[in-house]
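Breakdown of the fold
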Amino acid sequence: MTELIEFITANLQMIYIVILMIFVGVEIIGHVPAVLHTPLMSGANAIHGVVVVGAILVMLGSEPDNILALSLGFVAVLLGTLNVVGGFVVTDRMLEMFKKKK
Amino acid sequence: MEFILTLIYLVASITYILGLKMLGHPKTARKGNLIAAFGMGIAIIGTIFIYPKEVPMMIYVLIGIAILIGTIIGWLVAKKVAMTKMPELVSIFNGMGGASAALIGLIEFHHYQGQTLSIVTILAGLIIGSISFSGSMIAWGKLNGTINKPIRIPKYNIINNLFFIVLVAFAGFIAYQGIDSQLYLYVLFVGALAYGVLFVLPIGGADMPVVISLLNSFTGLAAALGGFLYGNMVMLTGGILVGSAGTILTFAMCDAMNRSLSSVIFGAFGATTSTATDEASRKIKGNIKETTPSDVAILMNYANKVIIIPGYGLAVAQAQHIIHELEELLIKKGVEVKYAIHPVAGRMPGHMNVLLAETNVSYDRLIEMEDINPEFPNTDVVFVVGANDVVNPAAHNDPSSPIYGMPILEAENAKYIVVNKRSMKPGYAGIENELFYNQKTSMLFGDAKDALGKLVSELKNM
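Bear in mind that the values here come from a model prediction, so they are computed numbers and not experimental data. (Residues numbered from 1 in each chain as written. Chains lettered and ligands numbered in written order. Predicted model: local features only at pLDDT ≥ 70, side-chain atom pairs only at ≥ 80, totals over all residues. Heavy atoms only, no water.)

1. Quick notes on unusual backbone geometry
Residues and elements named next belong to chain B. The test is simple: Starting at the N terminus, helices and strands are each numbered in turn, a helix being any DSSP run of H or I of at least four residues and a strand any DSSP run of E of at least two. Exposed residues in this analysis have more than 50% of their type's maximum accessible area, buried residues have under 20%, and partly exposed residues fall in between, with area computed by a 1.4 Å probe over protein chains only.
Despite not being glycine, Q318 shows a phi value in the positive range, around 55°. Along the chain, the position of Q318 falls in the loop between α13 (312-316) and α14 (320-332). Look at Q318 and you get partly exposed, because its relative accessible area is 29%. Here the phi dihedral of N360 falls at roughly 70°; this positive angle occurs in a residue that is not glycine. Structurally, the position occupied by N360 is in the loop between α15 (351-358) and β3 (366-368). Look at N360 and you get partly exposed, because its relative accessible area is 42%.

2. Focus on the packing of aromatic side chains
Residue and element names in this part refer to chain B. Note the following rule: Any two rings among Phe, Tyr and Trp, with Trp reduced to its six-membered ring, count as a pair given centres within 6.5 Å; such a pair is stacked if its planes are under 30 degrees apart, edge-to-face if over 60, and tilted if neither.
All told, the structure shown has six aromatic pairs over all chains when counted by the stated rule. Ring plane angle 20° and centroid distance 6.2 Å describe the contact between F163 and Y195, whose orientation is recorded as stacked. Of this pair, F163 sits in helix α6 (residues 156-177) while Y195 sits in helix α7 (residues 182-200), and the two are 32 residues apart along the sequence. Residue classification places Y195 among the buried residues on the basis of a relative accessible area of 9%. The interplanar angle of 85° and the centroid separation of 6.4 Å between the aromatic rings of Y186 and F189 together place this pair among those described as edge-to-face. A residue pair is termed a helical-turn pair when its members lie 3 or 4 positions apart in one helix, as Y186 and F189 do in helix α7 at three residues. On the basis of relative accessibility, which here comes to 17%, the residue F189 falls in the buried class. One aromatic cluster in this structure is built from F163, F164, Y195, F199 and F218.

3. A short note on the pattern of salt bridges
As a reminder of what qualifies: By salt bridge we mean one thing: a side-chain nitrogen of Lys or Arg within 4 Å of a carboxyl oxygen of Asp or Glu.
Counted under the stated rule, the structure contains seven salt bridges over all chains. Here A:D92 makes a salt bridge to B:R30, at a shortest N to O gap of 2.9 Å. Here A:D92, found in helix α5 (residues 67-99), pairs with B:R30, found in helix α2 (residues 29-49), and the two come from separate chains. A salt bridge links B:R365 to B:E327, with the nearest nitrogen and oxygen atoms 3.4 Å apart. A residue pair is termed long-range when its members are at least 10 positions apart, and B:R365 in the loop between α15 and β3 and B:E327 in helix α14 qualify at 38 residues.

4. A word on the confidence of the model for chain B
Keep this limit in mind: Residue-level confidence of the predictor, termed pLDDT, takes values from 0 up to 100. Whether two residues are in contact is decided by their heavy atoms: any pair within 4.5 Å suffices.
Across chain B, the average pLDDT comes to 86, with 92% of residues at 70 or higher. Taken together, the stretch residues 268-282 of chain B has pLDDT below 50 and engages in 17 contacts with residues farther than four places along the chain or on a different chain.

5. Quick word on the pairing of strand β1 (residues 305-310) of chain B
Residues and elements named next belong to chain B. Here is the rule we go by: For two strands to count as paired, DSSP must find a minimum of two bridges between them.
The buried count for β1 comes to six of six residues, which makes it a mostly enclosed element. The side-chain alternation of β1 yields two buried faces, one formed by K305, I307 and I309 and the other by V306, I308 and P310. Relative to strand β2 (residues 336-341), β1 is paired through four bridges, and the arrangement is parallel. Note on β2: the bridge partner recorded for V306 is V337. Judged from the five bridges that link them, β1 and strand β4 (residues 381-385) form a sheet pairing that is parallel. Along β4, the bridge assignment pairs P310 with V385.

6. A closer look at the domain arrangement of chain B
Selection rule: Residue ranges assigned to the domains are those given by an automatic or database domain assignment.
With domains assigned, chain B is organised as domain 1 (86-269) and domain 2 (288-460). One C-alpha centre belongs to domain 1 of chain B, the other to domain 2 of chain B; they are set 37 Å apart.

Here you go:
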């Protein structure tokens, strides 16, 4: 129990952010027309590519002789980048097609 | 320096919120995407270059190479892929993010021994990321047809749930006992991968968009857990935002199909469906009427109003250009032409809009379901191209049908219905369509591009 209280006190700021972000996420999506569901999903997909930041931190924090951590980290950065770059580019391509006719 | 990084993360978080918000409106969507991409770019660059500790050059080089390879592959694939393949691609990219999160967990597990809550965070990220990865790969296989039947082991619901409970219990055991065992860790990893497969396999292909959206929010959650672990604000905000927005989007998609999320996951398209299908197909009486391109051309030529209902078959056949040509030709002949867009036509919501937009079909000709349904009774010809389940009247009048209750395009109310299909094979939901047996319906068999090409040249000669 004390551990939990300590945890909450230590991470209060993050807990606030989590709760507020949940509401922001819900509010933002609100009433989106069905037409935009796919691009929106794709855009959100690209944003969770932010996990690449974590992968980079792993690599930066690795010992230079820890081959296993470095190679797994390498793959993690690569896959995360794929997620980010591919995600944003594909979303842009979808939306580009919407735009032409205006 | 670290203050600058904090600032960068703050700006990046704002761009995600703004970007997602703008993605929700047709006019601002593209700019929103670019804004979020910009935020991501500065967050990544800031993370690399503003790191408090000394880091060997070799590691920087490795990171650079990984980012370079990822960028090139991601860019090329995203640019080259055909419009029809985009849903699959989103699924793959989602899986990559999940895998990345899982790998982070694998590496960091050993480093946080003794800090129970950190270990819990790591293991949760590992499990969720792994499920998202393997689930997305199965979803990808289903979308491109490699895995085309829902595969169900008997009592799969119970087995899946038990499996998941065991998985979580095992993770809890590792964390609580503070066991620093790589073996246990990898067993957990493989178990989570297996669960992802079990989770998606029983779900029908038609529901894949919902599944991908759900897995999308899972990956968001996994990223957020990473943020929690490192106290990294940009991962936390980005991850939670996608997690919650993705969940809402998942529900919105279910709504569009009039299904509940639990019926998607636990299977209203379940084992009972196959027997119901057999009965339904036996029940349908009547003959199908085959027609020729020239007959259809005559029919359309003298029509006042034609409504086109596009479906996945149009996308597969890459017939979006030729259908636009048909539309223009008919308009020139004084026929009123509209497209009826079912919210889940194709493989993803908005799939048809994207496809038709590619060929410059005017926005105002694409009419959404609620607005077009009242127009069918005074429509002369409805032309169904490669769509099936979205016009199946069984959704209205057959309570035993697995799609019962789904809103459909009421094509049957038009004076004539022409259906272009490759064969009489049932659609994605795997059920018969009595519309094809309707007195007013005639079938124009053949590949959409082929059949439409012939139809257009017949029309030109009139």
